[in-house]
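# Structural overview for review
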Amino acid sequence: MNKHLSFFLCLVFAVSCSSEQSKKTQSDNQSISNIQYAKRFDVQYQDGIRLITIDKPWQGSKAPLQYLLYTDSVPEKYQNDASLVKIKTPVQTIVSNLTTQLALMDELGVTDRLTGFAQTQFIYSPEILKSVKKGIIKEVGPDGSLDIESILNLNPDIVLAFSSGTENRQLEKLKELGVKVVMNAGYMETSLLGRYEWIKFLGQLTGTEERAKEVFDRKVAIYDSLTRLVKGKERPSVITGTLYGGTWFMPAGENYGANIIGTAGGDYLWKEDQSAGWLSMDFESVFERGYNADYWIGVASYTSLDQLRQADERYAEFEAFKNGNVYSYMARVNVEGANDYFESGNVNPEKLLADHIKILHPELLPDYELYYYMKLE
């Protein structure tokens with residue numbers, strides 16, 4: 001049996017009782033929002049509708065967005081409220097520019113509702129790629145240059161999108177033309193479980209909210225069981241990132257990338273930083289603090305130590321490089337170059353955590369094999 005599968009089946013069995021109890025508690029409180037870890041959205045149940053509020057839907061945004069989800073009709077008290085985006089659910093056709101949504105849709109069994117996607121060359125899922133090749137899923141242009149005419153021809157119930165800036169002209173134009181654009185801010189969450197909890201947002205839109213709660217609770221239970229393994233263990237020091245255009249980018253102290261290192265029992269050397277974004281540093285600053293780090297996790301797209309050294313000879317001066325403790329997230333890349341780490345990583349927080357524990361404390365998971373990460377040789 002595949003070692004990834006057998007490992008997680010054992011954990012699922014171990015936490016099944018607690019998951020059942022959690023499910024019962026939620027079913028008894030249907031009117032109460034069950035958002036636990038995500039900070040960017042919330043769900044309220046009232047007047048027979050669901051009101052979803054997204055706080056700061058993109059970097060630099062100041063006003064929240066609100067979506068009113070209904071099944072039959074909009075209650076009269078909300079009909080003239082122009083501040084609400086009103087969406088009839090469950091939605092049946094979706095266009096998206098967000099790669100992480102593909103794995104969430106697959107998790108909920110609704111990939112057959114995807115009719116259009118931006119830049120299909122970035123899709124990793126073999127099943128979704130089959131639909132692309134058959135013409136079932138149309139390419140609608142790159143993010144930032146979406147083909148508005150193609151999207152209008154598909155006539156989707158919603159366009160599920162994200163924006164990294166303050167404005168996306170194509171998305172704004174689609175709104176003006178009456179298309180329901182639904183923003184997703186999951187990428188701004190500071191924890192893996194917070195990012196994954198956006199599956200509940202998609203569940204609300206697609207009528208699969210019960211399925212979303214079920215899979216979320218199961219994976220949280222596995223995630224929690226993994227965190228208990230590292231309690232009391234010594235914490236090896238960790239650096240991450242590489243140079244890009246002369247600047248070294250790495251997670252800030254409250255970024256999800258820093259948080260998972262700490263959760264996995266590592267000592268991230270920039271953990272004291274209080275911001276949630278990304279740090280931009282020069283090589284000398286990183287080397288001064290991190291040259292003696294035990295592990296170097298997340299070296300962009302490099303797949304060998306030689307390749308890393310050829311990019312910059314100075315990388316070879318890090319102790320982690322000398323000791324062979326360098327890891328990249330390139331273990332799952334298809335022939336087109338699409339990387340599953342960016343597609344399903346957010347849907348599998350338990351696998352990302354297990355990968356980090358395997359790297360930092362291999363004795364705790366002796367039978368587990370790395371899933372997203374690979375050791376550079």
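Report follows, based on the coordinates. (Residues numbered from 1 in each chain as written. Predicted model: local features only at pLDDT ≥ 70, side-chain atom pairs only at ≥ 80, totals over all residues. Heavy atoms only, no water.)

### A look at helix 9 (residues 256-263)
Among the residues of helix 9, those classed as buried are Tyr256, Gly257, Ala258, Ile260 and Ile261. Buried positions along helix 9 lie against helix 6 (192-196), strand 10 (237-239), strand 12 (247-251), strand 13 (267-268), strand 14 (278-281) and helix 14 (349-360). Where helix 9 begins, the side chain of Asn255 points an oxygen toward the backbone nitrogen of Gly257, at a separation of 2.7 Å. (Buried < 20%, exposed > 50% of the residue type's maximum accessible area, 1.4 Å probe, protein only. Helix = DSSP H or I, 4+ residues; strand = E, 2+ residues; numbered from the N terminus. Contact = heavy atoms within 4.5 Å. Polar contact = N/O pair within 3.5 Å; in protein donor to acceptor, adjacent residues only side chain to side chain.)

### A closer look at the sheet that holds strand 17 (residues 374-375)
Overall, mixed pairing links the 5 strands, which are arranged 13-10-15-16-17 in an open sheet. Single-partner strands in this sheet number two, and they are strand 13 and strand 17. In the sheet, strand 10 pairs with strand 13 via 2 bridges, with the strands oriented parallel. Residue pairing across strands places Ser237 opposite Asp267, the latter belonging to strand 13. In the packing of helix 14 onto the sheet, contacts are made with strand 10, strand 15 (295-297) and strand 16 (326-328), and the angle to strand 15 comes to roughly 155°. (Pairing = 2+ DSSP bridges. Axes fitted to C-alpha atoms, helices over the stretch in contact; angles between N-to-C directions.)

### Observations concerning the sheet that holds strand 1 (residues 41-46)
In spatial order, the strands read 1-2-3-4; together these 4 strands make up an open sheet with mixed pairing. Strands at the two margins of the open sheet, each flanked by one partner only, are strand 1 and strand 4 (84-88). Neighbour-to-neighbour, the strand axes of this sheet turn through a mean angle of 25°, independent of strand direction. Two strands pair when backbone bridges link them, and strand 3 (residues 65-70) and strand 4 are joined in this way by 5 bridges, in the parallel orientation. Within strand 4, the position partnered with Tyr67 by the bridge is Val85.

### Brief notes about the pairing of strand 3
Across 5 bridges, the pairing between strand 2 (residues 49-54) and strand 3 is antiparallel. Residue pairing in the sheet places Leu51 in a bridge with Leu68 of strand 3.

Function cannot be inferred from these measures alone, as they are strictly geometric.
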